[in-house]
Amino acid sequence: MTVTGTARTANPERDTLDKAGAENFPVAPFFLPRAWRDDLMAVYGFARLVDDIGDGDLAPGGADARLLGLAPQDADDRLLLLDAFETDLGKVFEGTPNHPLLRRLRHTVRRHSLTPEPFLALIAANRQDQLVKRYETYDDLLAYCALSANPVGHLVLAVTGATTPERVRHSDAICTALQIVEHLQDVAEDLRRDRVYLPAADLKRFHVQEADLAAPTAGASVRALVAYEAERARALLDEGAPLVGSVHGRLRLLLAGFVAGGRAAVHAIAAAEFDVLPGPPKPGKLRLLREVGATLRGEG
C-alpha cells in the first residue's frame, strides 16, 4: 500500500513514526500484535525512505548520503543515492547494512524469509520517477503502480503469513487504487515536481492542458477528469475488497483499514467537488470509521 510523505529531519526512525500518521490508511495500528507492528513499521520505513530519496525529501546536510557511503558532493544526486541504497539493501540479505532503517529491516526479512524482489521493485519505481515524468496511457500508469505500490501489499501479506495467489491479486487492485488516489490528491504537488500521473490520453479526452493543472482551482474539465480517475480507483478498491473477507481476526481489521482509507479518500475528493488543486482533500476520522464498518460488512 503506497506511502506519501513530507520532508525528513535528521532522525530517520523518528521520521518514520511521524509520517505514518499522515497516510490514507493505518500503517501499523495499535490492535495488531507487537511483532506485526514492528515488522510493518520496518517495511514502511524502507518504503518511506526510498520515496524520500526519489522525491528529494531527505534531511538537509547529507546524513543519509553519508550513511550510504556517498561523498558530500553526491548528496543531491538521486540516481546515485538510489544505487547506493540498493547496494545497502543487498547487505540486508547478506551482511549488515549501514543505514539504521535497513538494519531494522534485516530482522524482519530474516523472521519472514522475505525475498529481495519487492524491495528492488520499489527502488526501480523511484528510478523511473527520475526518468519518466509523464504517462501516455492508463495501462502505462498501471505498470508503474506495479512497481511503486503493489510490492508493499505483497510485503504486508508476507509479514502476516497470508500470502496466496488470489490474495496477491486482490491486494494488487487495492494497492494500485491507493496509488491512484494519492496521485489525485497530489496533482498540484506532483506538477511542481514536473510529474504528471494523469494519463496523457485522458487529459486529451477531457480537453485538459497541463497549464490547467497549475491553476489555483480546477475548472470543469479538470474536475471531470479527476472524477473519472477517482471512479477508476473506486472500482479497483471494490475489485480488491474480497481480500478482507478472506482473512480473520486482527488481520481482517487491518486490511479493512486499507480499503476503507482508499474509499474515504475518494469520498473526500468527491466532497471537494473533484477540485484537488488547492491541496489534497483528506477524509476525517469519522468518515474513515464509517468506511471501515462498511468494508467489514462487505458493503461497497
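These numbers come from a predicted model, not from an experiment.

Caption draft 1: View of the overall build of the chain. The helix and strand inventory of the chain stands at 16 helices and 0 strands. Projected onto its principal axes, the C-alpha coordinates of the chain cover approximately 55 × 50 × 30 Å. Within the chain, the proportion of its 300 residues that are buried is 53%. For the chain, restricting intrachain contacts to residue pairs at least 6 apart in sequence, the fraction spanning at least 24 positions comes to 69%. Counting every atom, the chain has about 12900 Å² of accessible surface; 55% of that belongs to carbon and sulfur. Between the centroid of the 35 positive side chains of the chain and the centroid of its 41 negative side chains there is a distance of 7 Å.

Caption draft 2: Geometry of the environment of Pro29. On the secondary structure map, Pro29 appears in the loop between α1 (12-20) and α2 (34-55). Between the C-alpha atom of Pro29 and that of Phe46, which follows or precedes it by 17 residues, the distance is 18 Å. Setting aside residues no more than four positions away along its own chain, Pro29 makes contact with Arg37 and Leu254.

Caption draft 3: Structural context of the nonpolar core. Counting residues in each nonpolar core, the largest one holds 84 residues, and the members touching the most others are Phe46, Phe85, Leu105 and Leu213. For this core, the element with the most residues is α2, which contributes 11 residues. Among residues more than four places away in sequence, those in contact with Phe85 are Phe46, Leu49, Val50, Ile53, Leu68, Leu102 and Ile123.

Caption draft 4: Just the packing of aromatic side chains, in detail. A full pass over the atoms with the stated rule returns 8 aromatic pairs. When the ring of Tyr135 is compared with that of Tyr144, the centres are 5.4 Å apart and the planes differ by 45 degrees; the resulting orientation is tilted. Of the two residues, Tyr135 and Tyr144, both sit in the buried class. Taken together, Phe46, Phe85, Phe93 and Phe119 form an aromatic cluster joined through their ring pairs.

Caption draft 5: Structural detail: helix α4 (residues 78-93). Here α4 is 16 residues long and its end C-alpha atoms lie 23 Å apart, about the 22 Å a rise of 1.5 Å per residue gives. Here α4 has its buried residues at Leu81, Leu82, Ala84, Phe85, Asp88, Leu89 and Val92. One face of α4 carries all of its buried residues, which in axial projection span an arc of 165 degrees. For α4, the secondary structure elements touched by its buried residues are α2, α3 (63-67), α5 (100-112) and α6 (117-131).

Caption draft 6: Summary view of the environment of Ala268. Along the polypeptide, Ala268 turns up in helix α15 (residues 249-271). You can call Ala268 buried: its relative accessible area is 10%. Placed 210 residues apart in sequence, Ala268 and Leu58 show a C-alpha to C-alpha distance of 29 Å. Once residues within four sequence positions are removed from consideration, Ala268 is found in contact with Pro281, Lys282 and Pro283.

Caption draft 7: Main features of a nonpolar patch on the surface. Together, Leu79, Leu131 and Val132 give the surface a local cluster of nonpolar side chains, amounting to about 240 Å² of exposed area. With respect to the element layout, Val132 can be found in the loop between α6 and α7 (138-148).

Caption draft 8: Inspection of the pattern of salt bridges at higher detail. One pass over the full model with this rule turns up 21 salt bridges. Across the pair Arg193 and Asp57 runs a salt bridge, and its minimum N-O distance is 3.2 Å. Linking Arg193 in the loop between α10 (187-192) and α11 (200-205) with Asp57 in the loop between α2 and α3, this pair joins segments that are 136 residues apart in sequence. One salt-bridge network, held together by shared partners, links Glu231, Arg234, Asp238 and Arg263.

Caption draft 9: Representation of the packing of α4 against α5 in the model. As a packed pair, α4 and α5 sit with axes 8 Å apart at the nearest point and diverge in direction by 40 degrees. Here α4 lies oblique to α5, going by the angle between them. Between α4 and α5 lies a crossing whose hand is right-handed. Note on element contacts: α5 touches α4 through Leu102, Leu105, Arg106, Val109 and Arg110, opposite Phe85, Asp88, Leu89, Val92 and Phe93. Its residues assigned to classes, the contact of α4 with α5 comprises 7 nonpolar, no polar and 3 charged.

What counts as what
Each residue is numbered by its place in its chain's sequence as written, counting from 1. Totals for whole chains, interfaces and linings use all residues, but because this is a predicted model, local features are given only for residues with pLDDT of at least 70 and pairs of side-chain atoms are given and counted only at 80 or more. Note: side-chain values were computed over all heavy atoms of the structure, leaving out hydrogens and water. Counting from the N terminus, the helices are DSSP H or I runs at least four residues long and the strands are E runs at least two residues long. In this scheme, a residue with accessible area under 20% of its type's maximum is buried, one over 50% is exposed, and one in between is partly exposed, where area comes from a 1.4 Å probe on protein chains only. In what follows, residue pairs with any heavy atoms lying within 4.5 Å of each other are defined as contacts. Methods summary: accessible areas were calculated by the Shrake-Rupley approach with a probe of 1.4 Å, and residue burial reflects only the protein chains presented. The convention is simple: Lys and Arg are positive, Asp and Glu are negative, and His and the chain ends are not counted. Just so you know, the charge point we use is NZ for Lys, CZ for Arg, CG for Asp and CD for Glu. Among the buried residues, those of types Ala, Val, Leu, Ile, Met, Phe, Trp, Tyr and Cys that are joined through side-chain atoms within 4.5 Å form a nonpolar core. Centre distance within 6.5 Å is the pairing criterion for rings of Phe, Tyr and Trp, where only the six-membered ring of Trp is used; planes under 30 degrees apart are then read as stacked, over 60 as edge-to-face, and the remainder as tilted. In a helix, the anticipated span is given by 1.5 Å times the number of residues less one. Here the arc refers to the set of directions running from the helix axis out to each C-beta atom. By definition, no residue in a patch forms a salt bridge, and every one has over 30% relative accessible area; like charges are joined within 9 Å, nonpolar side chains (Val, Leu, Ile, Met, Phe, Trp, Tyr) within 5 Å. The rule for a salt bridge is simple: a side-chain nitrogen of Lys or Arg has to be within 4 Å of a carboxyl oxygen of Asp or Glu. Axis angles are defined between N-to-C directions and span 0 to 180 degrees, where every axis is a line fitted to C-alpha atoms and, for a helix, only to the segment in contact. What sets the label is the angle itself: under 35 degrees gives roughly parallel, over 145 gives roughly antiparallel, 65 to 115 gives roughly perpendicular, and the rest give oblique. Crossing chirality is assigned from the near helix's rotation relative to the far helix, an anticlockwise turn below a right angle marking it left-handed and a clockwise turn marking it right-handed. Three classes are used, and their members are as follows: Ala, Val, Leu, Ile, Met, Phe, Trp, Tyr, Cys and Pro are nonpolar, Asp, Glu, Lys and Arg are charged, and the others, Gly among them, are polar.

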